[in-house]
Amino acid sequence: MGNSRKVILAYSGGVDTSACIPFLKNEYQIEDVIAFAADLGQGEELEPIRKKALLAGASESLVEDLIEPFIRDFAFPAIRANALYEGKYPLSTALARPLIASRLVNLALERNAEFVAHGCTGKGNDQVRFDLAIASLAPQLKILSPARKWSMSREELIVYGEKYGIPAPVSKKSPYSIDLNLLGRSIEAGSLEDPFIAPPEEVFQLISSIEESPEESQEIEISFEKGYPVSIDGKALEPVLLLRTANSLAGKHGFGRIDMIENRVVGIKSREIYESPGLLLLIKCHQELESLTLSADVLRTKSQLERQWSDLVYQGFWFSPLKNALDSFIDSTQEDVNGTVKVKLHKGNAIITGRKSSSNSLYVSDISTYGAEDKFDHSSAEGFIYIWGLANRLWASVTSKK
Ligand code: ARG
């Protein structure tokens with residue numbers, strides 16, 4: 001205890017974050033490096049990672065299961081926001097960063113540490129998300145980021161690590177850079193760096209190819225309460241199980257692969273491949289239910305704010321006054337988003353085939369119908385259109401005189 005220099009390090013077990021441990025001790029004269037790894041449903045054994053941090057010289061190595069809060073407090077709000085960065089990417093990596101950052105901050109405060117650290121490089125978005133989240137939660141903490149300071153290649157990092165007892169990665173190095181959690185996988189680098197080269201089949205792990213997905217389609221029903229997904233095919237599921245179920249259904253039928261050119265915060269364009277089967281499916285169904293239960297003007301305003309919400313989360317402003325204000329707007333709209341969506345999964349597609357809401361449907365059949373029960377007053381349309389087009393009529397009569 002007392003006044004030793006202490007850091008809480010976001011630790012993943014990879015080459016970079018492992019090298020951070022001796023680097024923080026030697027170059028920054030930190031005595032206590034406390035490694036922190038989070039289970040976000042990446043399906044990876046965390047005990048070897050915990051031990052690896054100790055081997056690398058951490059004074060303590062902590063692992064925490066954050067799957068539940070990750071889905072409940074980060075993924076579910078993103079579903080209610082129909083969050084798609086640049087209209088495509090459901091933020092599977094971006095959503096994890098503020099959660100990890102908040103745990104780093106809490107640990108730093110509990111342990112009386114002056115520093116927090118991460119292994120992000122200077123080229124990516126994750127450094128921005130960590131740094132901004134930490135700054136919003138505990139502006140007094142100092143952030144150390146060795147990977148922005150050293151200029152070592154991957155090979156040099158492995159040699160550097162070995163000097164300090166960190167075993168070189170056993171598996172043959174894949175050419176790809178991968179990030180993984182229960183919301184999806186992101187794959188970059190290797191041959192993907194040529195935007196014209198199709199992603200080789202080997203990069204995908206969660207989602208079947210169209211060729212290998214079942215010939216037979218599968219129709220499922222997803223129900224929502226206050227904009228939160230609550231059941232699949234009538235079976236109530238807790239958030240984590242619901243996401244796992246959506247992942248496996250969509251993944252099996254080849255739905256949820258993304259191939260895009262993305263604009264990073266630091267100004268770089270990058271070619272990104274994502275697999276995000278469950279989250280994309282849930283967003284799609286949620287959007288559909290909103291089309292039935294929200295009024296046209298709310299839908300229009302919400303879709304503009306969704307874009308802003310997604311940009312904020314992508315750019316690291318999860319904890320910010322504007323994001324909070326947008327959340328309040330979204331919360332108030334979601335009171336009405338109750339009901340069920342029917343969707344057919346088949347060969348890479350998720351095709352909406354129905355939607356219903358017993359309490360909030362704004363689709364009123366005796367107004368919408370073309371049948372005999374029609375209650376719509378057709379004659380009122382004439383006066384409405386006269387006034388609706390009046391400004392145009394005046395403009396036309398004036399300009400035609402010229
Ligand atoms: N481009 C994506 C994002 O910014 C994925 C980042 C993946 N992160 C990583 N450290 N490999 O959200």
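Residues numbered from 1 in each chain as written. Predicted model: local features only at pLDDT ≥ 70, side-chain atom pairs only at ≥ 80, totals over all residues. Heavy atoms only, no water.

> An account of helix H9 (residues 296–314) is requested, with residue identities and associated values reported.
Taking 1.5 Å as the rise per residue, H9 with 19 residues should run 27 Å; its terminal C-alpha atoms sit 27 Å apart, in good agreement. All of the buried residues along H9 are Lys302, Leu305, Glu306, Trp309, Ser310, Leu312, Val313 and Tyr314. Looking at the buried side of H9, the elements it contacts are helix H3 (67–80), helix H5 (126–137), strand S11 (257–263), helix H8 (277–293) and helix H10 (321–334). Remark: Gly316 follows H9 within two positions and exhibits a positive phi of approximately 100 degrees. (Helix = DSSP H or I, 4+ residues; strand = E, 2+ residues; numbered from the N terminus. Expected span 1.5 Å × (residues − 1). Buried < 20%, exposed > 50% of the residue type's maximum accessible area, 1.4 Å probe, protein only. Contact = heavy atoms within 4.5 Å.)

> Describe unusual backbone geometry, listing the residues and the values that go with them.
Although it is not a glycine, Leu91 sits at a positive phi angle of roughly 70 degrees. Backbone geometry at Ala189 places phi at a positive 75 degrees, although glycine is not the residue there. Within the fold, Ala189 resides in the loop between strand S7 (184–188) and strand S8 (218–225).

> I'd love a proper account of the packing of helix H7 (residues 239–252) against H8, names of residues and values included.
One way to put it is that H7 packs onto H8 with a least axis distance of 7 Å and a crossing angle of 95 degrees. As far as their axial angle goes, H8 and H7 are roughly perpendicular. Contacts between H7 and H8 involve Leu242, Leu243, Ala246, Asn247, Ala250 and Gly251 from the first element and Pro277, Gly278, Leu279, Leu281 and Leu282 from the second. Partitioned by chemical class, the residues of the contact of H7 with H8 number eight nonpolar, three polar and no charged. (Axes fitted to C-alpha atoms, helices over the stretch in contact; angles between N-to-C directions. Parallel < 35°, antiparallel > 145°, perpendicular 65-115°, else oblique. Nonpolar A, V, L, I, M, F, W, Y, C, P; charged D, E, K, R; others polar.)

> Tell me about the site of the ligand, and please be specific about residues and values.
Looking at the ligand, there are 14 residues lining it, with Tyr89, Asn125, Asp126, Arg129 and Glu262 nearest. One of the side-chain nitrogen or oxygen atoms of Asn125 is found 2.7 Å away from an oxygen atom of the ligand. The separation between a nitrogen atom of the ligand and a polar side-chain atom of Tyr274 is 3.1 Å. When isolated, the ligand has an accessible area of 350 Å², and the protein chains bury 84% of it. Of all elements in the fold, only H5, strand S6 (177–181), S7 and strand S12 (269–275) reach the threshold of two or more residues within the shell around the ligand. (Near = heavy atom within 4 Å. Polar contact = N/O pair within 3.5 Å; in protein donor to acceptor, adjacent residues only side chain to side chain. Areas by Shrake-Rupley, 256 points an atom, 1.4 Å probe, with all protein chains shown as cover.)

> Quick one: what's the story with the packing of aromatic side chains, residue by residue and with numbers?
The way to describe two aromatic rings as a pair is by their centre distance and the angle between their planes. In this structure the tally under the stated criterion is 11 aromatic pairs. Residues Tyr85 and Tyr314 carry aromatic rings whose centres are separated by 3.5 Å and whose planes lie at 5 degrees to one another, so their mutual orientation is stacked. Taken together, the residues span a long stretch of sequence, with Tyr85 in the loop between H3 and helix H4 (96–111) and Tyr314 in helix H9 at a distance of 229 residues. For the pair formed by Tyr85 and Tyr314, the shared burial category is buried. Centre to centre, the rings of Tyr89 and Tyr314 are 6.2 Å apart; their planes meet at 90 degrees, and the pair counts as edge-to-face. Here Tyr314 lies in helix H9 and Tyr89 lies in the loop between H3 and H4, a separation of 225 residues in the sequence. Here Tyr89 matches Tyr314 in class, with each residue buried. (Phe/Tyr/Trp six-rings, centres within 6.5 Å; stacked < 30°, edge-to-face > 60°.)

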